[in-house]
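So you can see what is in the structure, the chains are spelled out below.
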Amino acid sequence: MSIDDAAVRDWMRAFASEVEAHRAELIRQDSAIGDGDHGANMDRGMKKAVQRLDGLGDGDIGATLKAMGMALVSSVGGAAGPLYGTFFMQMGAKAAGAGELDLAGWTEAVEAGVQGVQARGKAEPGDKTMLDALLPATDALRQAADDGADLGEALRRAATAAQEGMEATIPLVARKGRASYLGERSAGHQDPGATSSHLLLKAAADALGAQDS
Amino acid sequence: MKKLINAADEVVRDALEGMALAHSDRVRVNLDPAYIVRADAPVQGKVGIVSGGGSGHEPMHGGFVGRGMLDAACPGEIFTSPTPDQMAEATKAVDGGAGVLHIVKNYTGDVMNFEMASDLARGEGSEVASVVINDDVAVEDSLYTAGRRGVGLTVIAEKICGAAAEERRSLDEVADICRRVNDQGRSMGMALTAPTTPASGQPSFELGGDEIEIGIGIHGEPGRYREAMRPAHDVVERLTTPVVEDLPFEAGDNVLAFVNGMGGTPLVELYVVYRDLHRFLEQRGINVTRNLIGSYITSLEMAGCSITLLRLDDELTRLWDAPADTIAYRVCG
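Here's what I pulled together on the structure shown here. On a predicted model such as this, the values are computed, not experimentally measured, just so you know.

So, how was this worked out
- Residues numbered from 1 in each chain as written.
- Chains lettered and ligands numbered in written order.
- Predicted model: local features only at pLDDT ≥ 70, side-chain atom pairs only at ≥ 80, totals over all residues.
- Helix = DSSP H or I, 4+ residues; strand = E, 2+ residues; numbered from the N terminus.
- Expected span 1.5 Å × (residues − 1).
- Buried ≥ 20, exposed ≤ 12 C-beta atoms within 10 Å, placed from the backbone.
- Contact = placed C-beta atoms within 7 Å.
- Pairing = 2+ DSSP bridges.
- Axes fitted to C-alpha atoms, helices over the stretch in contact; angles between N-to-C directions.

Digging into helix α4 (residues 61–73) of chain A
Phase 1 of the analysis: Taking 1.5 Å of rise per residue, the 13 residues of α4(A) would be expected to cover 18 Å, and the 18 Å separating its terminal C-alpha atoms lies within 8% of that figure.
Phase 2 of the analysis: Turning to α4(A), its buried residues number three or more, namely A:I61, A:G62, A:T64, A:L65, A:K66, A:A67, A:M68, A:G69, A:A71, A:L72 and A:V73.
Phase 3 of the analysis: Close packing links the buried residues of α4(A) with α1 (5–21), α3 (38–53), α5 (80–94) and β2 (100–101) of chain A together with α2 (84–94) and α3 (108–123) of chain B.

What follows is the structure, encoded as structure tokens:
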């Protein structure tokens, strides 16, 4: 019951497909409270990142994640580029040299990535950002590991927690990013960063959890 | 959507190729990653000045590359921050051994990407300082927002810092001057119409035919309030009062008054605005000792204007008057 480098690549491709499928929704959400570029930027970045997979050596999860991070940082722009780029680079640093990760190792790597996002964006829970999806997901992963759940179950719980966190951003007033210029008027809209982060966790559950069970 | 483009996702690249063809006497254009540098970069012993941001605000920043202003500019996609690899390579290209100053507009993406770029450039041995410009008084500056946006004052900071660098001032000194400009300057803008990005094809907000938005940003971000169209002198009062009260600018101050067009407003209207701004300031005993009028930091085809005031001292005045030879801004000397 573990995740290897091929599975991580499947996860990246699944995330890219989710972003492409939800591109218009992300643009619509971002237009409501931001500047409307999140869907196009993430789609462009993930396509570039997935292209880069072909030229990469096999086997090292850390190296694959780092390469994904670098690709996103150099192609997404906006705030999402540094944030998602940092997520994958920090996750990759934690998984450096690993050929496979069990649930505990996966959880540690995801936590390192989320901490990287927090350090880069300096957001707090409840600021109406991607962290509002990522933090509940890491809590769920940690809890599932403590409960002795299997990997597939843990990934599904993380995706569900991310979805709940994403939906819980709707009534929040944004305190970070361009949406914060709106103040109270940002309430009533779902945060597009939380939406794309939910897609990231959903892709993990679909690509890795299904494979596992 | 009607635009003079070939394809929505090739606008920035096509425009950069146009700039390369048009201005090879002054600048060199690198396409991948995208940046524009002075043709004679790096200038040995001079602090390099680098700025950048989303495209769609032309002539800022690429138009200000040249002697006496920027050493390099990094264009992002339309209204999207450029990426750290662009900024880091541009930094390397202009580092003449005296360090490099990054002038960053205060937007979440720009700030994060420039932070990562500083880390990369320092890792390669460049000395880097960063100053964040946040002059837009329309935005509440508090712990609960991303803070004030960087707008019109950026143009002035680039001119003044470029002049200080030409005088071979140290990186610390040029960064201090940049912070002083940011401390002493304030801006506010308004829109008559909305901009349309090529990627979305739709106006970024809806504004009725007889409505204006006061306090708008340069990416179609919402302003403070909407109201009915009114005479220019009323608009000037609505923009300038918060600007003057915020610093505050006081009787006896000498100021640089900058009336900026947002892209879709003709110069004749900007001079109407300047006349009313000059009167407004004169009535308060504020002396307009320098001015700038034109479309220098734009928001695609948005119609409207912004007003920036900078309190001048002798040094800032001298640096403002110093020669500059860029694509879009020139001072003979």
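Next comes the rest of the description.
Digging into the sheet that holds strand β8 (residues 185–191) of chain B
Residue and element names in this part refer to chain B.
Phase 1 of the analysis: The mixed open sheet is built from six strands, whose spatial order is β10-β9-β8-β13-β11-β12. Each edge of the sheet is formed by a strand with only one pairing partner; in this case those strands are β10 (225–228) and β12 (287–294). Averaged over all pairs of adjacent strands, the angle between strand axes in this sheet comes to 20°, irrespective of strand direction.
Phase 2 of the analysis: In the sheet, strand β11 (residues 254–261) pairs with strand β13 (residues 304–311) via seven bridges, with the strands oriented antiparallel. Residue V259 lies in a different strand from β13, and its bridge partner there is I307.
Phase 3 of the analysis: In the packing of helix α6 (residues 232–246) onto the sheet, the strands contacted are β8, β9 (211–214) and β13, and the crossing angle to β8 comes to about 155°.

Quick word on the pairing of β8(B)
All names here are of chain B.
Phase 1 of the analysis: Most of β8 is tucked away, with seven of its seven residues classed as buried.
Phase 2 of the analysis: The side-chain alternation of β8 yields two buried faces, one formed by G185, S187, G189 and A191 and the other by R186, M188 and M190.
Phase 3 of the analysis: Of the pairings in the sheet, the one linking β8 to β13 comprises seven bridges and is antiparallel in character. Within the sheet, the bridge partner assigned to R186 lies in β13 and is L309.
Phase 4 of the analysis: Alignment of β8 against β9, held across two bridges, turns out to be antiparallel. For M190, the partnering residue across the bridge sits in β9 and is I214.

The analysis is restricted to geometry; functional conclusions fall outside its scope.
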